[in-house]
2 protein chains.
Amino acid sequence: MEKKSPIRRFADFRWEGVDLLAYKDEGSAPFKAITRQTLFRDPALKGELRYFEMAPGGYSTLERHEHVHAVLILRGEGECLIGGEVYKIAANDLVTVAPLTWHQFRANAGRPLGFLCMVNAERDKPSQPSVQERSAMEANPRVARFLSGEPSA
Amino acid sequence: MEKKSPIRRFADFRWEGVDLLAYKDEGSAPFKAITRQTLFRDPALKGELRYFEMAPGGYSTLERHEHVHAVLILRGEGECLIGGEVYKIAANDLVTVAPLTWHQFRANAGRPLGFLCMVNAERDKPSQPSVQERSAMEANPRVARFLSGEPSA
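Residues numbered from 1 in each chain as written. Chains lettered and ligands numbered in written order. Predicted model: local features only at pLDDT ≥ 70, side-chain atom pairs only at ≥ 80, totals over all residues. Heavy atoms only, no water.

Novice: Would you mind going over the overall build of chain A with me for this structure?
Specialist: Broken down by element type, chain A carries 2 helices and 11 strands. The secondary structure elements of chain A, listed N-terminal to C-terminal, are β-β-β-β-β-β-β-β-β-β-β-α-α. C-alpha atoms of chain A, sized along the principal axes, occupy 60 × 30 × 30 Å. Classification of the 153 residues of chain A by burial places 49% in the buried group. Long-range contacts, defined here as pairs at least 24 residues apart, represent 66% of the contacts in chain A between residues at least 6 apart. Computed over 21 positive and 20 negative side-chain charges, the separation of the two mean positions in chain A equals 2 Å. (Helix = DSSP H or I, 4+ residues; strand = E, 2+ residues; numbered from the N terminus. Buried < 20%, exposed > 50% of the residue type's maximum accessible area, 1.4 Å probe, protein only. Contact = heavy atoms within 4.5 Å. Lys, Arg positive; Asp, Glu negative; His and termini not counted. Charge placed at Lys NZ, Arg CZ, Asp CG, Glu CD.)

Listed below in structure tokens is the structure:
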């Protein structure tokens with residue numbers, strides 16, 4: 001067996017030997033124009049490091065879960081909803097998604113948005129807001145504008 | 001208590017609220033011109049994400065340990081020694097340091113070298129090579145050149 005190189009080269013936001021995957025199974029939850037690459041997953045590691053990228057106009061699912069997301073923006077800019085507020089994000093900013101906090105990322109600044117996300121290898125499944133929970137979030141006009149998909153102000 | 005923002009902004013390879021730390025205690029092991037910032041450490045996370053940066057000419061300690069390093073180069077270029085071989089590295093390349101593998105990073109290309117490193121929060125301490133082990137590594141002329149601190153070819 002050929003010895004695996006410890007180095008995997010980067011080119012244009014792809015990495016050698018790393019598959020470009022669908023974000024989730026189609027139809028399992030709302031999302032748009034977003035891909036997933038698993039950069040590090042190893043039985044010896046208790047964490048995983050994934051790279052998610054949205055094309056302009058793309059977004060991740062609005063969801064929450066018990067496990068924590070540790071995010072570093074690697075490319076572009078956009079906005080995220082964390083709990084009850086909307087934040088602008090740009091390359092190399094850090095985002096912490098605390099347990100059971102509603103969150104969504106949107107490439108709503110006319111550019112791609114790519115981020116690294118560290119999670120525990122063992123983690124719970126996300127859940128999506130009910131109609132009532134989503135309405136409660138939209139009481140904040142900044143959140144309503146964000147969820148509507150309007151470009152970043 | 002003021003609510004902590006989930007966003008920590010980036011500027012010039014520093015992050016809001018993140019301390020710039022010494023790489024290790026001085027005198028504990030050989031290293032040069034290298035700093036450490038802990039980007040994510042949280043009791044709810046089984047992994048930690050740290051950022052290490054070397055000024056031109058700087059290097060990390062030559063060492064090994066049971067735990068795995070999952071590395072993404074964030075800035076600049078240089079070389080690393082992984083096991084018995086030397087590799088050029090540049091921004092966004094991935095480096096996997098397997099258990100008990102000798103490794104060292106060097107900013108030997110006239111530029112800073114900065115990298116993210118994911119590790120298990122619970123992990124063993126590194127050990128350094130004996131004189132004999134270092135001599136055995138230097139039998140490879142590429143490794144000998146790397147360890148001598150000569151600039152990248």
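After presenting the structure, the write-up continues.
Novice: I tried to follow the relation of the copies chain A and chain B on my own but got confused; where do I start?
Specialist: Between the two copies of this chain, the relationship is a rotation about some axis together with a displacement along it. When chain A is fitted to chain B, the best match, at an RMSD of 0.0 Å, comes from turning it 180° and sliding it 0.0 Å along the axis. Within this description, the copies of the chain are treated as partners about a two-fold rotation axis. For chain A, the minimum C-alpha distance to the rotation axis belongs to A:Gly47 and amounts to 2.4 Å. Both copies present the same face, since 100% of the interface residues in chain A are matched by interface residues at the equivalent positions in chain B. (Least-squares fit on C-alpha atoms with pLDDT ≥ 70 in both.)

Novice: Got a minute to help me understand the packing of helix α1 (residues 131-138) of chain A against helix α2 (residues 141-148) of chain A in this structure?
Specialist: Relative placement of two packed helices is described by the angle separating their axes and the distance separating the axes. Residue and element names in this part refer to chain A. At their nearest, the axes of α1 and α2 sit 7 Å apart, and the two run at 120° to each other. The orientation of α1 relative to α2 falls into the category oblique. Contact residues: α1 offers Arg134, Met137 and Glu138, while α2 offers Pro141, Val143, Ala144 and Leu147. For the contact of α1 with α2, a count of residues per class yields 5 nonpolar, no polar and 2 charged. (Axes fitted to C-alpha atoms, helices over the stretch in contact; angles between N-to-C directions. Parallel < 35°, antiparallel > 145°, perpendicular 65-115°, else oblique. Nonpolar A, V, L, I, M, F, W, Y, C, P; charged D, E, K, R; others polar.)

Novice: How should the interface of chain A and chain B be read in this particular structure?
Specialist: Note: interface size is frequently given as the accessible area lost on complex formation between the parts. Taken together, the contact pairs 35 residues of chain A with 35 residues of chain B. Summing both sides of the interface, chain A and chain B together bury roughly 3,300 Å²; the carbon and sulfur share of this comes to 67%. Three residues stand out in chain A for area buried against chain B, namely A:Pro6, A:Leu94 and A:Met118, and they jointly supply 20% of the buried area on that side. Counting the contacts that link chain A with chain B gives 2 salt bridges. (Buried area = accessible area lost by both parts, 1.4 Å probe. Salt bridge = Lys/Arg side-chain N within 4 Å of Asp/Glu carboxyl O.)

Novice: Where do I start with the side chain of A:Asn108 in this structure?
Specialist: Residues and elements named next belong to chain A. Checked against the element boundaries, Asn108 lands in the loop between β10 (103-106) and β11 (113-120). The class of Asn108 is buried, set by a relative accessible area of 8%. Excluding anything up to four places from it in sequence, Asn108 contacts Gly78, Glu79, Arg145, Phe146, Glu150, Pro151 and Ser152.

Novice: Is there a simple way to explain the pairing of strand β6 (residues 47-59) of chain A in this structure?
Specialist: Look at any regular strand and the pattern is simple: side chains alternate between the two faces of the sheet. All names here are of chain A. By the bridge criterion, 7 bridges tie strand β5 (residues 32-40) to β6 in an arrangement that is antiparallel. Residue pairing across strands places Thr38 opposite Arg50, the latter belonging to β6. The antiparallel hairpin formed by β5 and β6 contains 6 residues in its connecting segment. (Pairing = 2+ DSSP bridges.)

Novice: Looking at this model, I keep getting lost on the pattern of salt bridges. Mind explaining?
Specialist: Pairs may arise between side chains of opposite charge once their charged atoms sit close together. One pass over the structure, following the stated rule, counts 20 salt bridges over all chains. Linking B:Asp93 and A:Arg9 is a salt bridge whose minimum nitrogen-to-oxygen distance equals 2.8 Å. With B:Asp93 in the loop between β8 (85-90) and β9 (94-97) and A:Arg9 in the loop between β1 (7-8) and β2 (10-11), this pair bridges two chains. Between A:Arg134 and A:Glu138 there is a salt bridge; the shortest N-O distance is 3.4 Å. Here A:Arg134 pairs with A:Glu138, and both are found in helix α1, just 4 residues apart, close to one helical turn. For A:Arg134, a relative accessible area of 33% gives the class partly exposed. Shared partners join several salt bridges into a network, and the residues in it are A:Arg41, A:Glu48 and A:Arg123.

Novice: Whenever I open this one, the confidence of the model for chain A confuses me. Can you help?
Specialist: Reading predicted coordinates in detail is not appropriate for stretches of low pLDDT. Overall, the predicted model of chain A reaches an average pLDDT of 95, with 97% of residues at or above 70. The ipTM for the predicted assembly is 0.95, set against a pTM of 0.96. (pLDDT = per-residue confidence, 0-100.)

Novice: Would you mind showing me how to read the pairing of strand β7 (residues 69-82) of chain A here?
Specialist: All names here are of chain A. Where burial is concerned, most of β7 is hidden: 12 out of the 14 residues are buried. Examined bridge by bridge, β7 and strand β9 (residues 94-97) share 4 bridges and lie antiparallel to one another. What sits directly across from His69, in β9, is Val97. The antiparallel hairpin formed by β7 and strand β8 (residues 85-90) contains 2 residues in its connecting segment, where Gly83 sits at a positive phi of about 60°. As defined by bridge partners, β7 adjoins β10 across 4 bridges and the pair is classed as antiparallel. Across the sheet, the residue bridging to Leu81 is Gln104, located in β10.

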